[in-house]
Amino acid sequence: MTTHHEVVSSGASAPVGAERPGGSSVLALDIGGTKLAAGVVREDGEALSFLTVPTRVEEGPEACLDRLFTLGRDALRAADIDLDDAPRALLGCGIGCGGPLDSTSGLLVAPPHLPGWLDIPITQLAYEAYGLTSVLDNDGTAGAAGEWRFGAGRGTRHLVYLTLSTGVGGGFVVDGRTYRGAAGNGGEPGHITVRSEGRTCKSCGRAGCLEAYVSGTSIAERAREALAFDRQTVLAELPNDGITAADVARAAREGDELAAELWQETCELLTQGLASIVNLYEPELVVLGGGVTRSGEQLLAPVREKVARLAMGPAAEAARIVTATGGDGAGVLGAAAIAFERLTEHDGSAAGLARV
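Here's what I pulled together on the structure shown here. This is a predicted model, so every value here is computed, not measured. (Residues numbered from 1 in each chain as written. Predicted model: local features only at pLDDT ≥ 70, side-chain atom pairs only at ≥ 80, totals over all residues. Heavy atoms only, no water.)

## Re unusual backbone geometry
Outside of glycine, negative phi angles account for most residues, and trans bonds account for most peptide bonds.
Part 1 of the reasoning: Omega for the peptide link from G99 to P100 comes to 5 degrees, which places this bond in the cis form.
Part 2 of the reasoning: Of note, the phi angle at E197 is positive, near 60 degrees, even though the residue is not glycine.
Part 3 of the reasoning: With respect to the secondary-structure elements, E197 resides in the loop between β10 (177-178) and α5 (211-214).
Part 4 of the reasoning: Using a relative accessible area of 79% as the deciding quantity, one classes E197 as exposed.
Part 5 of the reasoning: In this structure, E282 takes a positive phi of about 45 degrees despite not being glycine.
Part 6 of the reasoning: As for its position among the elements, E282 is in the loop between α8 (257-281) and β11 (285-289). (Helix = DSSP H or I, 4+ residues; strand = E, 2+ residues; numbered from the N terminus. Buried < 20%, exposed > 50% of the residue type's maximum accessible area, 1.4 Å probe, protein only.)

## Topic: the sheet that holds strand β7 (residues 134-138)
Part 1 of the reasoning: Ordered in space as β3-β2-β1-β4-β7, the 5 strands form an open sheet in which the pairing is mixed. Only two strands of the sheet have a single neighbouring strand rather than two, namely β3 (47-54) and β7. The mean angle between the axes of side-by-side strands here comes to 15 degrees, regardless of whether they run parallel or antiparallel.
Part 2 of the reasoning: Relative to strand β4 (residues 92-97), strand β1 (residues 25-31) runs parallel, the two being bridged by 6 bridges. Looking at β4, one finds that D30 is bridged to G96.
Part 3 of the reasoning: In the packing of helix α1 (residues 61-78) onto the sheet, the strands contacted are β1, β2 (35-42) and β3, and the crossing angle to β2 comes to about 30 degrees.
Part 4 of the reasoning: Lying over the sheet, helix α4 (residues 139-150) contacts β1, β2, β4 and β7, oriented at roughly 105 degrees with respect to β7. (Pairing = 2+ DSSP bridges. Axes fitted to C-alpha atoms, helices over the stretch in contact; angles between N-to-C directions. Contact = heavy atoms within 4.5 Å.)

## Brief notes about the side chain of N138
Part 1 of the reasoning: Position of N138 among the secondary structure elements: in strand β7.
Part 2 of the reasoning: Residue class for N138 comes out buried when judged on its relative accessible area of 4%.

Now the structure itself:
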């Protein structure tokens, strides 16, 4: 296995509508900058297995890919599926990863959280590893599909999903269909501008992105920057490079003035982004996931109140704001959801699949 691969054209795809082997479960792979996850998931959302390992991006693409596909094989065994039987036992394989990517050809172009991963034909590699027809989608899109199919969004037709974690990702379900955009990377709520000439976004390099303020990474970074002004705060008692968003939330709950200011700014800027999204899409449901949402109503209560006040009347009334249900397995459930969607629908969305 090499670290750089030729682009696989859509000519190597399985014919849309062709009969494929497999049952009512899929293998799901989630590729994150911190961890890799894999599991076998049934069509009702039950995970028959779920495993994770560290990504260790510093070891390079080849080692990470070997670790990913080994993890997938371990997930198959944990679900009592022999690798040789996988093409008959499973519908296929779904893969979620941050972009930029080409979901049609199954190509990882150059994800910033995976340095050195350039033009990796991940669906073709997955087919070679497991013998399974494989599909790729942006992890935010997959997360939206997972919550819509298996989680908080069941029964809705219009859903917005944001994950507030190391970065800010997300996706959209519009009129009961997952939205992908013209090139498969559509739906990037983390890169809505909430402050012109604001903080530089570490992911895209633009100024004032939502991600630059409300991701867990950015909340912690803003706290560390504030300590340089010698403010009285309990955060100063923590190792500077060890401060987390959870520390800021906890200190704010305990009445720390600096932490409360940081948390208020976080809520206000998240509200600005969500109000714009709600006005644009008028969803029934806004689902918030990721580590920052573990603060619960400390985050949700002010955000709900402010979105209701700032968004336009009909849109504000239509949208409920809730937390995601996927938990630590959200990435795997999302990858499974896009596999079920694209491997069972014969409307052209499955073009570019690895040949079966």
